[in-house]
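As a plain string of letters, each chain reads:
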2 protein chains.
Amino acid sequence: MLADVARAAGISESTASRALKDDPRIGETTRAAVRAAAASLGYVPNAAARSLRAKRTQILGLLLDDLADPVHGQLAAGFEEAAAAQGYAVFMMTGLHDPERENRALRTFLEHRADGIALASCVIDPSDVYEQVSRLRVVFVQPDYPGLIDDGAPSHGFLLIDDAAGVSAAVRHLVDLGYRRMAYVGAGGTTSDRMRRATATAVIGAVSGASLRVYDAGLAGWRDPSMVANALAADRPEAVICYDDKLALALIDALRLTSLDVPNDVAVVGFDGIVQAGRSRPRLTTVAVPSVELGRRAVGMLVAAARDGTMAPTEVMPVRLVLGETTPSRSVDDGTDGATGVAAGATLVHGA
Amino acid sequence: MLADVARAAGISESTASRALKDDPRIGETTRAAVRAAAASLGYVPNAAARSLRAKRTQILGLLLDDLADPVHGQLAAGFEEAAAAQGYAVFMMTGLHDPERENRALRTFLEHRADGIALASCVIDPSDVYEQVSRLRVVFVQPDYPGLIDDGAPSHGFLLIDDAAGVSAAVRHLVDLGYRRMAYVGAGGTTSDRMRRATATAVIGAVSGASLRVYDAGLAGWRDPSMVANALAADRPEAVICYDDKLALALIDALRLTSLDVPNDVAVVGFDGIVQAGRSRPRLTTVAVPSVELGRRAVGMLVAAARDGTMAPTEVMPVRLVLGETTPSRSVDDGTDGATGVAAGATLVHGA
DNA sequence: TTGTAAGCGTTATCAT
DNA sequence: ATGATAACGCTTACAA
């Protein structure tokens, strides 16, 4: 402890404390002596004691759905990296879409007085959270919160993915390529799922002669995509828009046992841009989300809020449509192809 | 803070403290009053203050290579789950194989007085770590530490994967299927890599007529496996044992651009058993590692050590050979097939 | 430039 | 059954 260091250096605790944090009013000699003493004693400051006094912990809390999920792993990596770079340690907890677990995690963060808390894909209600934590200390990252659809996003403290632009770009791209009879395969009806589905419906509804049939792999179906694959094989849509890449890849795999060949009989697009999508055969066309950057930005918002005393405004992260091999140009050209263009808000990228 | 709760309940701080932690000598009436006061005031205990007194933080530290990596993600998920179940919060930091980052992480854990620290795939020397932390508080999970090969594993505080049994099982399986001219593709010469390579060499060396050629995708090659793929296409081995699944899948993908077809011209086996291996086409034969369980066990060892005052003995986690479609039986049977059997220590599993 | 002393929010040890 | 008080290790006015 500090007292030992001070004693060894033959000075008072306060001087030792100051010397170790490079307070300008400490003499070089003293400073060197303190440093030497600290080093030889193997002194390691006690963060708990420090923060008890300082009222700042240099701790951030990150709540994720599941660390084993590729998207969340990326988010976590970006978050940790940015936090470490700013001198923050990170508590990471998983919520698994379980409100109880999420609340326990939140509670843990609060007990440890985290300077900032990021809640990714959480299912708990933001207003419940705001009752327990200052708005300056929380950021919601792509939360599963119905209010986003009904009332739109709050003006501050939210970090979102541009679901609409992403799906819109994907659908328009398919339309440009000549696809008309489409399907959307959802995954359980989360807010994001509903948003993407609604966008697909809307965009396709505006194209004459185009149709969209909606499926839901649901929570149960997620484990067994073959049921959806069979349904698709029966309905034979020309293109399938999947809720995310995981679902898309599982579906492509399941479709191998059916009469539908990807991409010759049916095109497929995913969402997220997970690494796997760029390595699968055929390469998956997908809407890439900057997951790592999302994590970094969350840290940025929290740190800025702590510094400035104002929570940063809500941000919508841009996505980019990455063209793979699952969406070839339709061989049978119907003549209406053309410059539909990519939806505003999403970039178009060729290759993975 | 507690003082407010005490005041609201009309009793002393000590009583309030006791009431909240269900001290048996507090009356029901008082307890109820305190609870009510705490709830209405939204009291959240301060972990820093608590641990300052208690000398226990209920914090564990986990150092990983990279959160975005599937294997580490699984490990992290298992670790977090087990920790949360035991009431511990987890600091997670990434080392990225950089000794400096690893030391910074360690330092952070120490400053926060983590009750236990798990170092996964770290490159820093265990003896350096033991100089800073009590052996009771650290567990090394599959560290990249040469001493493991030279001197064997320390008797306590290590959690290892059975590299030898895994590779041995894989190679014997290939031999049983009739493969003789084999290749091992390493990835940069980590301890684990060297261990697997040495095992492959040894096992194959004991089979008459069998040979092993060693390649190293290295750190640079990892990003561009096509170079290795081309080399393999030139040498045309019958089977390739890859350091891990990531490499195996990348290699299989790269091989598509060569004259070698997987699995008809060349068999491939991986290591780790990542989710992706069970979803690829063809399904990858791999040595599955219980990554989630590894994380859980690390917590188990740390918590037990804190409880018992003795670090648990080193454990070697069993692996299982999972048969996919990348290792079909050799069409040209050389007659020496037979009951080589699977190496002791590894289980054989059919299907993914 | 350095030292003194109070206090951060809890808990544990004594008393009562 | 409950209360007063010291202590945990550090920071920071305020003095000197």
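These lines cover the structure that appears in this document, whether it is placed above or below. Starting from 1, residues in each chain are numbered consecutively following that chain's sequence as written. Chain letters and ligand numbers both follow the written order, the letters beginning at A and the numbers at 1. Under the rules for a predicted model, residues below a pLDDT of 70 receive no local features and side-chain atom pairs below 80 are neither given nor counted, while totals for whole chains, interfaces and linings still include all residues. The basis for the side-chain values is all heavy atoms of the structure; hydrogens and waters are excluded.

1. Points about helix α12 (residues 226-235) of chain A
Residues and elements named next belong to chain A. As a reminder, the rule being used: Whether a residue is buried, partly exposed or exposed follows from its accessible area with a 1.4 Å probe, protein chains only, as a fraction of its type maximum: under 20%, in between, or over 50%, in that order. We count a stretch as a helix when DSSP gives it H or I for four or more residues in a row; a strand needs E for two or more, and each element gets its number in order from the N terminus. This arc corresponds to the set of directions leading from the helix axis out to the C-beta atoms. What makes two residues a contact is simply this: any of their non-hydrogen atoms within 4.5 Å.
Those residues of α12 that sit buried are V228, A229, L232 and A233. On an axial view of α12, the arc spanned by its buried residues comes to 140°, and they lie on one face. Looking at α12, the residues exposed on the side facing more than 90 degrees away from the buried face are M227 and A234. Residues of α12 that are buried make contact with β6 (181-186), β7 (211-216), β8 (239-242) and α13 (245-255). Where α12 ends, the next residue or the one after it, R236, has phi of about 45°, a positive value.

2. Side note on the protein's contact with DNA strand C
Rule in force here: It suffices for a single heavy atom of a residue to lie within 4 Å of a molecule or strand for the residue to be listed as near it. We define a polar contact as two N or O atoms separated by no more than 3.5 Å, with the added condition that, inside protein, one atom must be a possible hydrogen donor and the other a possible acceptor, whereas residues neighbouring each other in sequence contribute only through side-chain atom pairs. Throughout this entry, Asp, Glu, Lys and Arg are counted as charged residues, while Ala, Val, Leu, Ile, Met, Phe, Trp, Tyr, Cys and Pro are counted as nonpolar. The remaining residues, Gly among them, count as polar.
Looking at DNA strand C, there are 26 residues lining it, with A:S14, A:R18, A:T30, A:R53 and B:K21 nearest. Counting only atoms of DNA strand C within 4 Å of the protein, the fraction found in sugar and phosphate groups is 59%. Within the backbone of A:S12, an N or O atom sits 2.9 Å from a phosphate oxygen of DNA strand C. One nitrogen or oxygen atom from the side chain of A:R18 is found 2.5 Å from a base oxygen belonging to DNA strand C. Ranked by the residues each element gives to the surface near DNA strand C, the list is headed by helix α2 (residues 13-20) of chain B, at four residues. Within the surface near DNA strand C, the residues separate by chemical class into nine nonpolar, eight polar and nine charged.

3. Points about the pattern of salt bridges
Spelled out, the test is: In the sections that follow, a salt bridge refers to a side-chain nitrogen of Lys or Arg positioned within 4 Å of a carboxyl oxygen of Asp or Glu.
This model, assessed by the stated rule, comprises 44 salt bridges over all chains. The residue A:R31 makes a salt bridge to A:E28 at a minimum N-O spacing of 3.7 Å. Taken together, the positions of A:R31 and A:E28, both in helix α3 (residues 28-41) and three residues apart, correspond to about one turn of that helix. The closest approach of N and O atoms between B:R330 and B:E238, which form a salt bridge, is 3.2 Å. Here the residue B:R330 occupies a position in the loop between β12 (319-323) and β13 (346-350), and B:E238 occupies one in the loop between α12 (226-235) and β8 (239-242), the gap between them amounting to 92 residues. Judged by its relative accessible area of 24%, B:R330 falls in the partly exposed class. Here B:E238 falls in the buried class, since its relative accessible area comes to 13%. Each member of the salt-bridge network shares a partner with another, and the members are A:D253, A:R256, B:R281, B:R283 and B:E325.

4. Concerning the interface of chain B and chain A
How we decide: For any pair of parts, buried area is found by adding up, for both, the accessible area (1.4 Å probe) each one loses once the two are put together.
Taken together, the contact between chain B and chain A spans 41 residues of the former and 41 residues of the latter. Taken over both partners, the interface formed by chain B and chain A buries close to 3,700 Å², and the fraction arising from carbon and sulfur atoms is 58%. Here chain B is connected to chain A by six salt bridges. For the salt bridge of A:R283 with B:D253, the shortest nitrogen-to-oxygen distance reads 2.5 Å. In this structure, the connection of chain B to chain A is made through 16 residue pairs in polar contact (both at pLDDT 80 or more). Along the lines of polarity and charge, the residues of the side of chain B that touches chain A split into 20 nonpolar, nine polar and 12 charged.

5. Quick notes on the protein's contact with DNA strand D
Taken together, 25 residues lie around DNA strand D, and A:L2, A:R18, A:K21, B:T15 and B:R18 are the ones closest in. Among the atoms of DNA strand D close to the protein, meaning within 4 Å, 59% are from sugar or phosphate groups. Here A:L2 contributes a backbone N or O atom positioned 2.4 Å from a phosphate oxygen of DNA strand D. In this structure, a base oxygen belonging to DNA strand D sits 2.5 Å away from a side-chain N or O atom of B:R18. Tallying contributions element by element places helix α2 (residues 13-20) of chain A first for the surface near DNA strand D, with four residues.

6. Let's talk about the relation of the copies chain B and chain A
Rule in force here: For this overlay, a least-squares fit was computed on C-alpha atoms, restricted to residues scoring pLDDT of at least 70 in both copies.
With an axial shift of 0.0 Å and an RMSD of 0.1 Å, the rotation relating chain B to chain A amounts to 180°. Taken together, the turn and the small shift mark the pair as related by a two-fold rotation axis. A symmetric contact is evident, with 100% of the interface residues of chain B recurring at the interface of chain A.

7. Some points on the packing of α2(A) against α3(A)
Residue and element names in this part refer to chain A. As a reminder, the rule being used: Helix axes are fitted only over the stretch in contact, all axes being lines through C-alpha atoms; the angle between N-to-C directions runs from 0 to 180 degrees. Reported orientations rely on four angle classes, namely roughly parallel under 35 degrees, roughly antiparallel over 145, roughly perpendicular from 65 to 115, and oblique for the rest.
The N-to-C vectors of α2 and α3 enclose an angle of 90°; their axes lie 9 Å apart at closest approach. One element, α2, and the other, α3, form an angle in the roughly perpendicular class. Contact residues: α2 offers T15, A16, A19 and L20, while α3 offers T30, R31, V34 and A38. Partitioned by chemical class, the residues of the contact of α2 with α3 number five nonpolar, two polar and one charged.

8. Describing empty space enclosed by the protein
The line we're drawing: Only protein atoms enter the 1 Å grid used here, on which a cavity is any set of points holding a 1.4 Å probe that cannot leave and a pocket is any open set flanked by protein within 12 Å on both sides along at least five of seven lines; residues with an atom within 4 Å of a point are listed as lining. Grid points are joined across faces, edges and corners, and a volume is the space filled by probe spheres set on the points.
Applying the stated criterion across every chain, the model contains two cavities of 30 Å³ or more. By volume, the largest cavity is sized at about 330 Å³. Of all the secondary structure elements, the ones that give two or more residues to the lining of the largest cavity are α13 of chain A together with α13 (245-255) of chain B. Of the voids in this model, the second largest cavity is the one considered here, and its volume is about 120 Å³. Lining the second largest cavity are A:A47, A:A48, A:S51, A:T57, A:I59, A:H112, B:A47, B:A48, B:S51, B:T57, B:I59 and B:H112. Those elements that provide at least two residues to the lining of the second largest cavity are α4 (47-54) of chain A together with α4 (47-54) of chain B. Counted by class, the lining of the second largest cavity contains six nonpolar, six polar and no charged residues.

9. Structural notes on the pairing of strand β10 (residues 285-288) of chain B
On a regular strand, each side chain points to the face opposite its neighbour's, so the side chains alternate between the two faces of the sheet. All names here are of chain B. Here is the rule we go by: At least two DSSP bridges between two strands are needed for those strands to be called paired.
A two-sided burial pattern is seen for β10, the buried positions comprising T285 and V287 on one face and T286 and A288 on the other. In this structure, β10 lies alongside β12, joined through three bridges in antiparallel fashion. Considered in β12, the bridge of A288 is made with R320.

10. Observations regarding the sheet that holds strand β13 (residues 346-350) of chain A
Whether parallel or antiparallel, the strands of a sheet pair through hydrogen bonds between backbone atoms. Residues and elements named next belong to chain A. On the basis of which strands lie adjacent, the open sheet formed by seven strands has the order β7-β6-β8-β9-β10-β12-β13 and mixed pairing. The open sheet has two free edges, formed respectively by β7 and β13, since each of these has just one partner strand. Across this sheet, the average inter-strand angle for adjacent strands is 20°, counted without regard to direction. Direction of pairing for strand β12 (residues 319-323) relative to β13: parallel, over a ladder of five bridges. Residue pairing for β13: V319 is matched across the bridge by A346. On the sheet, α13 packs against β6, β8, β9 (267-272) and β10 (285-288) and is oriented at approximately 150° with respect to β9.

11. Considering the packing of aromatic side chains
Residue and element names in this part refer to chain A. Quick note on the threshold: Ring pairs shown here join Phe, Tyr and Trp side chains whose ring centres sit within 6.5 Å, with only the six-membered ring taken for Trp; geometry is labelled stacked below 30 degrees between planes, edge-to-face above 60, and tilted in between. Note on geometry: a ring has a charge over it if NZ (lysine) or CZ (arginine) is within 6 Å of the ring centre and within 35 degrees of the ring normal.
Across all of its chains, the model carries five aromatic pairs over all chains by this definition. Ring centres 5.0 Å apart and planes at 25° place the aromatic pair F140 and F158 in the stacked group. Here the residue F140 occupies a position in strand β4 (residues 138-141), and F158 occupies one in strand β5 (residues 158-161), the gap between them amounting to 18 residues. For F140, a relative accessible area of 0% translates into the label buried. Look at F158 and you get buried, because its relative accessible area is 1%. Taken together, Y130, F140 and F158 form an aromatic cluster joined through their ring pairs. Note that R135 overlies the ring of Y130, its terminal NZ or CZ placed 3.9 Å from the centroid. Taking NZ or CZ as reference, R196 lies 3.7 Å from the ring centre of F271, over its face.

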